[in-house]
Number of protein chains: 2
Amino acid sequence: MIQIAILGLGTVGTGVAKVVAENMRQIERKLGEPLEVKTILVRRFKDGPYRQLMTSDFQKIESDPSIRVVVETIGGVEAAYEYTRRALEAGKHVVTANKQLVAEHGCELLDLAKRKNVSYLFEASVGGGIPVLHPLTQCMAANRIDEIYGILNGTTNYILTRMVRTDAFFSDALREAQAKGYAEADPTADVEGIDAGRKICILADLAFGQQIDPAAVPMEGISKLSLRDVKVAQRAGYRVRLLGRAVRLPGGGRTAYVAPHLIPEDNPMANVEDVFNAVMVRGNATGEVMFYGRGAGELPTASACVADVMECLQSSPRRDEIGWSPSMEGFVDPLELKARHYFRIEGSLTDAATAFGQVEVLSEDGETAFLTESLTGRDAARQSRFLNVLACMRVLS
Amino acid sequence: MIQIAILGLGTVGTGVAKVVAENMRQIERKLGEPLEVKTILVRRFKDGPYRQLMTSDFQKIESDPSIRVVVETIGGVEAAYEYTRRALEAGKHVVTANKQLVAEHGCELLDLAKRKNVSYLFEASVGGGIPVLHPLTQCMAANRIDEIYGILNGTTNYILTRMVRTDAFFSDALREAQAKGYAEADPTADVEGIDAGRKICILADLAFGQQIDPAAVPMEGISKLSLRDVKVAQRAGYRVRLLGRAVRLPGGGRTAYVAPHLIPEDNPMANVEDVFNAVMVRGNATGEVMFYGRGAGELPTASACVADVMECLQSSPRRDEIGWSPSMEGFVDPLELKARHYFRIEGSLTDAATAFGQVEVLSEDGETAFLTESLTGRDAARQSRFLNVLACMRVLS
């Protein structure tokens, strides 16, 4: 009998308890012995099926030698950080879906885990139940990873899908997402790209082996996105999607950012709709591979946590491929990346051509929407400085 | 310094040597020490960069204690089976891309590996460089896997894509695939669904934990597929794709088969084109997740082998989730599965309605093409026995 503890009993924590109970047989067959939730840390006791397991005293978990794995589902940084440290110090494996904690303190916590000869795993922090981090670090371990991009936030993808399908403005689509429970009352972290930003940082940390601080990563969300741009792009054969993107640059540099992009409709990423997520990873041997599925939700995310619990118990914690150096050296502003750019300006085609030379016109109806040739974000900004720019986005090539 | 041997120096074997050389730095960083190809088993010596490493005597590899991992890229069963057994018996890990060997003898070889306390890994046998087997067995370990289906063969998908895009008959599209090097001179294993059949067996073995013999699995390819059906389906909002599919049935049963299907165009699988592969896995907690990329090719497949080499060296071989029971008990004929069926008949709508009651007409031009309600394959065959059936396919729902 293997015993674990859960910290927090919100959506993911409850899901972990459910998955452990519901898939008991599958889990026991693979582990060779049964898995049981022994203790659940809560702030306030609640009635329900887990009443007997609850404690509000972390000390009980920390000092219980029969608890081998702690699943942290508190979220945020403060308490989660403290309990994670203490659990690792006590020689327990820790598993989490907490992207903020991993993006901000993952490097240090992995290092602590290594010193204590235990694992710190966080597959569920990116893509919910979609396997992404393990495939990236293990199955693609023989590759040099050159680029990762993805639709990493289901809430914003749902909003973008609704804007296209129902001609809804951003604000209306957001209200609809909130009504359906896909967006929170305070949707800032989702719609401003912060959630996607934390996830692209974790992906980039693992792919490139060096820390990328979320604070250094430009994050642009979709709250200022105009329905007009979505529709112009659509008619021209593109879909607007919010992407997190990380790129390895020649000469050892690397960059990462979050922003809405125009994606050609024949790119598989263009057809990722509603709350689905997808992550594309480009390795120098494997080429592009894509992982697709529901990026959130109680059971998908919880099942990824439970798989990590099983992984902790089965494999040696000395896996050097999971972990990265704390150095931010080599991080480059994404403005250095080249791409075609979409512009919508208050002005004429002549204005566009004066600024950019050859352009591809997408619409002219009082305003002008067009695509530039490939150029750096820096040049795009410089060359457009005398234009009245209403919208600007990169085009994914 | 970790030393390995490669058996065979065809496409995949050469690729393994290249990936080990080209991505030396990435591999060393993750393993903690360099990886080197020490010996390559060939039948005939050839000049080239690997001339110094070649031997035609397997004994040299078998008895060399410095070789810790053997990568088998011979293909087929006979020699590959013998050398794999002997390498495992000698206490070496074995890695392969050989789907035929794994589908037919995987259960036994995994068992031998377990007894010898080494690993037998075969990520590259399904989906080439796309991570599929590890995500299925590890990342989704906390799920009960209920269904897997996929476009598992790039050659046939290329042919189907060309038929749609250029109105080509099967025979012409096949010749084009051969000219491009996507199909072999003898394309039987690809176009008759045998290659896809071996892969769906491996997926089903791992997902359901029990052997499925390739010989028991109905495999229908695309060599008899008519351009007319492809086009009728296309106009009705479907794509024709060759799928391998495995389903867990209520009450402990399971089934698997390969056949062309109609796929609704809004299913992500419908947009998988050319030589790309995709595998959809449905878990009871995670829901549907999809893995997508190039399913073949020298470097993708080789990089998956090298990742498996690294996995052997890093993790404990006692991973109970990789392996399955030899019992075929519970295997059910896929004719028991329910689905809507596509029919094209030499006959009228009245004939169709007489046989099936309510149907959805797709075309009436001398012949009649229609979709039935959902029914088992057995009922579809029984109810159509007095019709002159020109084509019949399942519709993926």
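Residues numbered from 1 in each chain as written. Chains lettered and ligands numbered in written order. Predicted model: local features only at pLDDT ≥ 70, side-chain atom pairs only at ≥ 80, totals over all residues. Heavy atoms only, no water.

Asks: Got a minute to help me understand the pairing of strand β9 (residues 254–264) of chain B in this structure?
Replies: The side chains of a regular strand alternate, first on one face of the sheet and then on the other. Residue and element names in this part refer to chain B. Of all 11 residues in β9, 10 are buried; the element is thus mostly enclosed. The sheet contact formed by strand β8 (residues 238–248) and β9 spans 11 bridges and is antiparallel. Across the sheet, residue A246 finds its bridge partner in β9, namely A256. Hairpin geometry of β8 and β9 is characterised by an intervening segment of five residues between the two adjacent antiparallel strands and by a positive phi of about 85 degrees at G251. Taken together, the two bridges between β9 and strand β15 (residues 389–395) define a ladder with parallel strand orientation. (Buried < 20%, exposed > 50% of the residue type's maximum accessible area, 1.4 Å probe, protein only. Helix = DSSP H or I, 4+ residues; strand = E, 2+ residues; numbered from the N terminus. Pairing = 2+ DSSP bridges.)

Asks: Is there a simple way to explain the packing of helix α5 (residues 99–115) of chain A against helix α10 (residues 194–208) of chain A in this structure?
Replies: The description of two helices packed together rests on the angle between their axes and the distance between the axes. All names here are of chain A. The contact between α5 and α10 brings their axes to 9 Å, and the two run at 50 degrees. Put simply, α5 runs oblique to α10. Regarding α5 and α10, the two cross each other, and that crossing is left-handed. In contact with K99, Q100, V102 and A103 of α5, α10 contributes D195, R198, K199, C201 and I202. Counted by class, the contact of α5 with α10 contains four nonpolar, one polar and four charged residues. (Axes fitted to C-alpha atoms, helices over the stretch in contact; angles between N-to-C directions. Parallel < 35°, antiparallel > 145°, perpendicular 65-115°, else oblique. Left-handed = near helix turned anticlockwise from the far one by under 90°. Contact = heavy atoms within 4.5 Å. Nonpolar A, V, L, I, M, F, W, Y, C, P; charged D, E, K, R; others polar.)

Asks: Would you explain the pattern of salt bridges in this entry?
Replies: Opposite charge on two side chains permits pairing when their charged atoms draw close. Residue and element names in this part refer to chain A. One pass over the full model with this rule turns up 56 salt bridges over all chains. The partner of R340 in a salt bridge is E360, and the shortest N-O contact between them spans 3.0 Å. Here R340 is found in strand β12 (residues 338–345), whereas its partner E360 is found in strand β13 (residues 359–365), with 20 residues between them in sequence. Looking at R340, the relative accessible area reads 27%, which means it is partly exposed. Several salt bridges share partner residues, and in doing so they unite R85, E89, E108 and K116 into one network. (Salt bridge = Lys/Arg side-chain N within 4 Å of Asp/Glu carboxyl O.)

Asks: Looking at this structure, how should I read the nonpolar core?
Replies: Burial of nonpolar side chains together is a common tendency in soluble globular proteins. A:L35, A:F122, A:L203, B:L35, B:F122 and B:L203 are the most contacted members of the largest nonpolar core, which has 229 residues in total. Excluding residues within four positions of it along the chain, B:F122 makes contact with B:T96, B:V102, B:L110, B:L133, B:I202, B:L206, B:D308, B:I322 and B:W324. (Core = buried A, V, L, I, M, F, W, Y, C linked by side-chain atoms within 4.5 Å.)

Asks: Help me understand the relation of the copies chain A and chain B in this model?
Replies: Two copies of the chain are present, and they differ by a rotation about an axis and a shift along that axis. When chain A is fitted to chain B, the residual RMSD is 0.0 Å, and the transformation amounts to a turn of 180 degrees plus an axial shift of 0.0 Å. On this basis, the relationship between the two copies can be described by a two-fold rotation axis. Judged by C-alpha distance, A:F291 is the residue of chain A that lies nearest the rotation axis, at 2.4 Å. Of all interface residues in chain A, 100% are interface residues in chain B too; the two copies therefore contact each other through one and the same surface. (Least-squares fit on C-alpha atoms with pLDDT ≥ 70 in both.)

Asks: Before we go on, may I ask you to explain the environment of B:T96 in this structure?
Replies: Residue and element names in this part refer to chain B. Of note, T96 is situated in strand β5 (residues 93–96). Distance from T96 to R394, taken between C-alpha atoms, is 33 Å for residues 298 residues apart in sequence. Beyond its immediate sequence surroundings of up to four residues, T96 is in contact with E72, V102, Y120, L121, F122, E123, A124, S125 and C305. Looking at T96, its side chain comes within polar contact range of the main-chain nitrogen of N98, at 2.9 Å. (Polar contact = N/O pair within 3.5 Å; in protein donor to acceptor, adjacent residues only side chain to side chain.)

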